[in-house]
Amino acid sequence: KPFCRLSGSDHRWQVFRGECRMRLTQCLDMIRRAYAFARRESKTIIKFILVGGASFVVYISAYTLQSRILFPGATDNARVVMNLAATCISVLFNYVAHRFWTYEAKETSMRQIAWYAFVVASVTFLQSFLFWIGHVFLGIYDYFVIIIVAGLCACYTFVMHKYFTFKKPATSNQPPVTSYQ
């Protein structure tokens, strides 16, 4: 009998170990890429977090003003509308701050406005839907739901604004074309 021959279970164990090594290598590679991205984009990420924090203060202030001061006895469904109104107020602040400071967009184009409108509409729907699920459907305290949903929506908006809304135009490495007369 050959010395290195493996039984069926030994062979399955080696295949399993090989798959585990491969998956671990893929996970480590993904972590390395995420770390490289975070280092490369650290300035933008910090600005995004600061603007997001300020936007959250604007949002929570608008929601608190409506739900606790102006209309303290509001129903749960009315609070969903108040949440939507507070979101719209913070969106205006957010756009101006991100456009001029975080992403330093130099020009406004119809593409940028269209993408921003799409991101705002989609994140507003997502935020309102998750607020409704958490507060109305599951009965979780409204401020707790707001904090959890804000974190989820922040990740979504960072990616969308970075790669779509405020995407810097591609620069060409080719020399400019000159006309010869």
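Residue numbers run consecutively from 1 along every chain, following the written order of its sequence. Reporting of local features is limited, given that this is a predicted model, to residues whose pLDDT is at least 70; pairs of side-chain atoms are given and counted only at 80 or more, and all residues count toward the totals for whole chains, interfaces and linings. Excluding hydrogens and water, the side-chain values take into account all heavy atoms of the structure.

Caption draft 1: Seen up close, a nonpolar patch on the surface. Note on patches: the residues involved have over 30% relative accessible area and no salt bridge, like charges join within 9 Å, and the nonpolar side chains Val, Leu, Ile, Met, Phe, Trp and Tyr join within 5 Å. Every accessible area reported is derived by Shrake-Rupley at a probe size of 1.4 Å, with residue values counting cover from the shown protein chains alone. Between Lys or Arg on one side and Asp or Glu on the other, a salt bridge is scored when a side-chain nitrogen of the former is within 4 Å of a carboxyl oxygen of the latter. A cluster of nonpolar residues, Phe125, Phe129, Trp132, Phe137, Leu138, Ile140, Tyr141, Phe144, Ile147, Ile148 and Leu152, forms a patch on the protein surface that exposes about 1,200 Å² of accessible area. Where helices and strands are cited, they refer to DSSP runs of H or I of at least four residues and of E of at least two residues respectively, numbered from the N terminus. For the nonpolar patch, the secondary-structure elements that each account for two or more residues are α4 (110-137) and α5 (142-165). Take Phe144: its relative accessible area is 49%, and that puts it in the partly exposed class. Summary of the burial criterion: residues with accessible area below 20% of their type's maximum are buried, those above 50% are exposed, and those between are partly exposed, where the area comes from a 1.4 Å probe applied to protein chains only.

Caption draft 2: Representation of the environment of Leu130. Here Leu130 shows up in helix α4. A C-alpha to C-alpha distance of 9.3 Å links Leu130 and Ile148, two positions 18 residues apart in sequence. The contact criterion used throughout is that any non-hydrogen atoms of two residues lie within 4.5 Å. Once you skip the residues sitting within four places of it in the chain, Leu130 turns out to touch Val145, Val149 and Leu152.

Caption draft 3: Here's a closer look at the packing of aromatic side chains. Pairing of aromatic rings covers Phe, Tyr and the six-membered ring of Trp, with a centre-to-centre limit of 6.5 Å; geometry is then stacked below 30 degrees between planes, edge-to-face above 60, and tilted otherwise. One pass over the structure, following the stated rule, counts 16 aromatic pairs. Seen from their ring centres, Trp115 and Phe118 are 5.7 Å apart, and the 85° between their planes marks the pair as edge-to-face. Of this pair, Trp115 and Phe118 both sit in helix α4, three residues apart, roughly one helical turn. Trp115 gets classed as partly exposed once you look at its relative accessible area, which sits at 26%. Ring geometry for Trp115 versus Phe164: centroids 4.7 Å apart, planes at 25°, classification stacked. One end of the pair, Trp115, is in helix α4; the other, Phe164, is in helix α5, and 49 residues separate them in sequence. With relative accessibility at 33%, the residue Phe164 sits in the partly exposed group.

Caption draft 4: Main features of the side chain of Thr124. If you trace the backbone, Thr124 turns up in helix α4. Using a relative accessible area of 10% as the deciding quantity, one classes Thr124 as buried. Here Thr124 is in contact with Leu84 and Thr87, once residues within four sequence places are set aside.

Caption draft 5: Geometry of the nonpolar core. What is meant by a nonpolar core is a set of buried Ala, Val, Leu, Ile, Met, Phe, Trp, Tyr and Cys residues, joined one to another through side-chain atoms within 4.5 Å. By size, the foremost hydrophobic cluster in this structure holds 15 residues, and its most contacted members are Tyr63, Ala86, Phe131, Tyr143 and Ile146. Of all the secondary-structure elements, those providing two or more residues to this core are α2 (42-70), α3 (76-102), α4 and α5. Per-element tally for this core: the top contributor is α5, with five residues. Not counting residues up to four positions away in its chain, the partners in contact with Tyr63 are Arg68, Arg79, Met82, Asn83, Ala86, Phe131, Asp142, Tyr143 and Ile146. If you look at the next biggest cluster of nonpolar residues, it comprises nine residues, including Val91, Val120, Phe158 and Phe166.

Caption draft 6: Here's a closer look at α5. To estimate the expected span of a helix, count its residues, drop one, and scale the result by 1.5 Å. In this model α5 runs just 30 Å from its N-terminal to its C-terminal C-alpha over 24 residues, more than 12% under the 34 Å that 1.5 Å per residue would give. Along α5, the residues classified as buried are Asp142, Tyr143, Val145, Ile146, Val149, Cys153, Thr157, Phe158, Met160, His161, Lys162 and Thr165.

Caption draft 7: Region of interest: the pattern of salt bridges. Scanning the model with the defined rule gives six salt bridges in all. A salt bridge links Arg40 to Glu41; its shortest N-O distance comes to 3.9 Å. Two residues, Asp142 and Arg79, come together in a salt bridge whose shortest N-O distance is 3.2 Å. Here Arg79 lies in helix α3 and Asp142 lies in helix α5, a separation of 63 residues in the sequence. Note on Asp142: relative accessible area 1%, which makes it buried. Judged by relative accessible area, Arg79 falls into the buried class, the value being 13%.

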